[in-house]
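# Examination of the molecular architecture
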Amino acid sequence: MNIYFVRHGRTSGNEANQFQLPTIALSEKGIEEAEFIAERFKNIKIDVILASSMKRASQTAEIIAKKTGHEVIQNELFEEIKRPSIVRGKSKDDPEVKIIMRSVKDNFTNPDWHHSDEENYFLFKERALRALQYISQRSESDLLVVTHGELLRMMIACITFGDNLTPDSYKSVKDTFVPFNTGITKVQYDPSLGYRDSGWYIHTWNDHA
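Residues numbered from 1 in each chain as written. Predicted model: local features only at pLDDT ≥ 70, side-chain atom pairs only at ≥ 80, totals over all residues. Heavy atoms only, no water.

## Section: the overall build of the chain
Broken down by element type, the chain carries 7 helices and 8 strands. Rg of the C-alpha trace for the chain: 17 Å, near the compact-globule value of 17 Å for 209 residues, within the 12% margin. Each of the 209 residues in the chain was classed as buried or not, and the buried ones make up 49%. Contacts spanning at least 24 positions in sequence make up 68% of the contacts within the chain whose residues lie at least 6 apart. Put simply, the chain shows about 10300 Å² of open surface, and 48% of that area lies on carbon and sulfur atoms. The averaged location of the 30 negative side-chain charges in the chain is 3 Å from the averaged location of its 27 positive side-chain charges. (Helix = DSSP H or I, 4+ residues; strand = E, 2+ residues; numbered from the N terminus. Rg over C-alpha atoms; globule rule 2.2 N^0.38 Å. Buried < 20%, exposed > 50% of the residue type's maximum accessible area, 1.4 Å probe, protein only. Contact = heavy atoms within 4.5 Å. Areas by Shrake-Rupley, 256 points an atom, 1.4 Å probe, with all protein chains shown as cover. Lys, Arg positive; Asp, Glu negative; His and termini not counted. Charge placed at Lys NZ, Arg CZ, Asp CG, Glu CD.)

Here it is, written out as structure tokens:
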């Protein structure tokens, strides 16, 4: 199975340095990026398009699907990491937001602490693992998954470290792997190869040529 992960196109929230609302749409630049990546996927074999149900990802997927003629299946497993509702739609430079997010960051790996309705490390990792399991159980051979930067990095961390993934190793992936909007990350799932027990292999990261 070949899986092509694509981060959604740019939004006004990206451009304004915000914690984004689920309903935010692509900006004019983001639409251009989505149309460009759609042209690339006219020449890449895929059987189905899976997408986060957040607007910016589902819109990117629909633009690609219009070019390729594929079905888009939305799934909440592929949504971006959940931040506290109170900060969504607000600038990351807002003083109140900075205080809240400092507390969230400081307690990210504390399973017993929550500011409100956000995901901590453990909840986020568990969802990423469920997303990978969902993909591995599908019957198609070539899948496109339109998702988000933070979740993509957590899935890559889960693939790379497996059962040995720790908060520190995840942070290393998060701080090192930079996902550009509409970059393509190609991953293979093939337990028959036998090189790794997990069956997951990373072929390319963030190809935005």
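## Focus: the side chain of Thr147
Note that Thr147 resides in strand S6 (residues 142-147). Sequence-distant contacts of Thr147, defined by excluding residues within four places in its chain, comprise Phe5, Val6, Arg7, His8, Ala57, Phe78, Leu152 and Met155.

## Looking at the nonpolar core
Ile3, Phe5, Ile135, Met154, Tyr170 and Trp200 are the most contacted members of the largest nonpolar core, which totals 31 residues. Elements represented by at least two residues in this core include exactly strand S1 (2-7), strand S3 (48-51), helix H5 (121-136), S6, helix H6 (149-161), helix H7 (167-176) and strand S7 (184-189). Broken down by element, the residue count for this core peaks at 8 residues, all from H6. Discounting residues that sit within four places of it in the chain, Tyr170 has contacts with Phe108, Tyr121, Phe124, Glu150, Arg153, Met154, Ala157 and Leu165. Counting 19 residues, the second-largest nonpolar core is a separate cluster that includes Leu26, Ile46, Ile63 and Ala65. (Core = buried A, V, L, I, M, F, W, Y, C linked by side-chain atoms within 4.5 Å.)

## A few points about the side chain of Asp190
As for its placement among the helices and strands, Asp190 is situated in the loop between S7 and strand S8 (200-207). Of the side chains with opposite charge, Lys186 lies nearest to the buried Asp190, which makes no salt bridge, at 11 Å. A polar side-chain atom of Asp190 sits 2.4 Å from a polar atom in the side chain of Ser192. Beyond its immediate sequence surroundings of up to four residues, Asp190 is in contact with Gly199 and Tyr201. (Salt bridge = Lys/Arg side-chain N within 4 Å of Asp/Glu carboxyl O. Polar contact = N/O pair within 3.5 Å; in protein donor to acceptor, adjacent residues only side chain to side chain.)

## Examining the packing of helix H2 (residues 28-41) against helix H3 (residues 55-68)
Remark: H2 packs on H3, axes separated minimally by 8 Å, with the N-to-C direction vectors making an angle of 40°. Here H2 lies oblique to H3, going by the angle between them. For the crossing formed where H2 meets H3, the hand is right-handed. Packed against H2, whose contacting residues are Ile31, Ala34, Glu35, Ile37, Ala38, Glu39 and Phe41, the element H3 presents Gln59, Thr60, Ile63, Ile64, Lys67 and Thr68 at the interface. A breakdown of the residues in the contact of H2 with H3 according to their chemical character gives 7 nonpolar, 3 polar and 3 charged. (Axes fitted to C-alpha atoms, helices over the stretch in contact; angles between N-to-C directions. Parallel < 35°, antiparallel > 145°, perpendicular 65-115°, else oblique. Left-handed = near helix turned anticlockwise from the far one by under 90°. Nonpolar A, V, L, I, M, F, W, Y, C, P; charged D, E, K, R; others polar.)

Distances and angles like these do not, on their own, reveal function.
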